[in-house]
Amino acid sequence: MAAMLISGASVWDGLADAPAEVLDVWVEDGRVRAVGAGLTPPPGTERIDLTGHTLTPGFMDCHTHVAIDPDLTRSLLSSPAAAALRAVPVLRTLLDHGFTTIRDLTCADVAYTTLDLRDAVAAGLVEGPRMLVAPHLISARGGHGDFSGALDDQRQGHDRVLEMAAADGPDEIRTRVRQEIRAGADWIKFAASGGFSSPSDDPSRPTYSQEEMDTLVATAADLGVPATPHVYSDEGVRRAVRAGVRSVEHGNLASAATLAMIEEAGVFLVPTLYTILADARRVDDDAYWATRPPYKRRKFREFHDALVGAAEHLAASEVKIAFGTDAGMFPHAENWREFPALVSAGISPLRALKAATSVAAELLQLDDLGVIAEGRTADLVAMPGDPFTDIEVTGRVDFVMKGGVVHRRPHTP
């Protein structure tokens, strides 16, 4: 793997309070060999000039759905092969926009589509971010992961499929967790409450008992796999934290007291604010909702004030925020919009950028990533401008390196 010297950019290492002055970054054999001013690498080193850019660690999206389409009906009725084929350009898009690592938290079929995609990326057969995967959403029947009532007349004959990873009671839950891990799951995801995109449940209500959550998380832990819940409900968050989850997904109805509980437990929170606030803030926009399910709009109207208030509580807390988008519910080219969404809620640009780099790496237990430092894997992205003063530049990434390989570079005149 050829040596490269990246020069001209202000370098933010993923930890500092602000970008450093202009520094050189020497990359060789897929790793950062050195960071400093005036580096002199060996003859034959390729030089990449990123003057006017900010160079950061590669971004990580800790909550994606690459095999789910924003048209949920199409996703639910697609074959696994069709879902995988649609995901291939999605993975390329994510990498092009600076996301070098993702955690995919559920596909929309009973197959293990996302595990196959993960392995194809790792083998170099498909271009995209490295992937960690929770194949399915383990859910109570009638809970967020049970879509058997979602398609009205179109659902005939699909009930078994649309229950997907349904499991009720400790015994069935224990079996389902073991099946997911047997198939190769990196994470276990479960529905601890209802949601907004599912038809027959309430986001404010927990859908698993404390005993059921305890069983699920303990079974995964016995096999060395972390667990994370889809959850909005305040009580659902509390039960999940008591059960020992590593992160909480969404948590957008959590009270200030529950956020303090999350913080004290050292649990990470992935708030997916962009998609939540976009829907909540446009709840009275008829054109916006013309092609979206009416039950989803009704739920956002009911919980609008609580969702906005919870975002304010989050900004005031010291919870470890990890970056995640819930993309798949919206197009993956828009994942970057989570950055300005976090900042619009009162979260500092530094905290938002750490959420997608060093904090995300800590959540995902990827100690070699998330920081630019000597010896670390060379996952690097750059954007024109300074995201600390203009967070919108995170949407203009034009240099992407994953594992020391350049996948995108600025166009030169």
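Here is a short report on the structure shown in this document. These numbers come from a predicted model, not from an experiment.

Parameters at a glance
Residues numbered from 1 in each chain as written. Predicted model: local features only at pLDDT ≥ 70, side-chain atom pairs only at ≥ 80, totals over all residues. Heavy atoms only, no water. Helix = DSSP H or I, 4+ residues; strand = E, 2+ residues; numbered from the N terminus. Buried < 20%, exposed > 50% of the residue type's maximum accessible area, 1.4 Å probe, protein only. Polar contact = N/O pair within 3.5 Å; in protein donor to acceptor, adjacent residues only side chain to side chain. Contact = heavy atoms within 4.5 Å. Pairing = 2+ DSSP bridges.

Notes on unusual backbone geometry
- A positive phi angle, close to 55°, is found at Asp 29, a residue other than glycine.
- As for its placement among the helices and strands, Asp 29 is situated in the loop between strand S3 (24–28) and strand S4 (31–36).
- For Asp 29, a relative accessible area of 54% translates into the label exposed.

Considering the side chain of His 53
- Residue position: His 53 is located in strand S6 (residues 53–57).
- Within the local environment of His 53, its side chain forms a polar contact with the backbone oxygen of Thr 51, the two atoms lying 3.2 Å apart.
- Look past the residues within four positions of His 53 in its chain and what remains in contact with it is Ala 9, Ser 10, Ala 382, Met 383, Pro 384, Gly 385, Asp 398 and Pro 410.

Section: the environment of Cys 62
- Along the chain, Cys 62 falls in strand S7 (residues 59–64).
- Distance from Cys 62 to Gly 30, taken between C-alpha atoms, is 23 Å for residues 32 residues apart in sequence.
- When sequence neighbours within four positions are dropped, the list of residues in contact with Cys 62 reads Arg 103, Leu 105, Glu 249, Ala 322, Phe 323, Gly 324, Ala 360, Leu 363 and Leu 364.

Observations regarding the pairing of strand S17 (residues 399–402)
- By the alternation rule, side chains of S17 split into Phe 399 and Met 401 and Val 400 and Lys 402, which are all buried.
- Summarising the sheet, strand S16 (residues 380–384) and S17 pair through three bridges and their orientation is antiparallel. Paired with Ala 382 across the two strands is Phe 399, which belongs to S17.
- Note: S17 against strand S18 (residues 405–408), three bridges, orientation antiparallel. Bridge pairing in S18 links Met 401 to Val 406.
- The antiparallel pairing of S17 with S18 creates a hairpin that spans two residues between the two strands, and Gly 403 there sits at a positive phi of about 60°.

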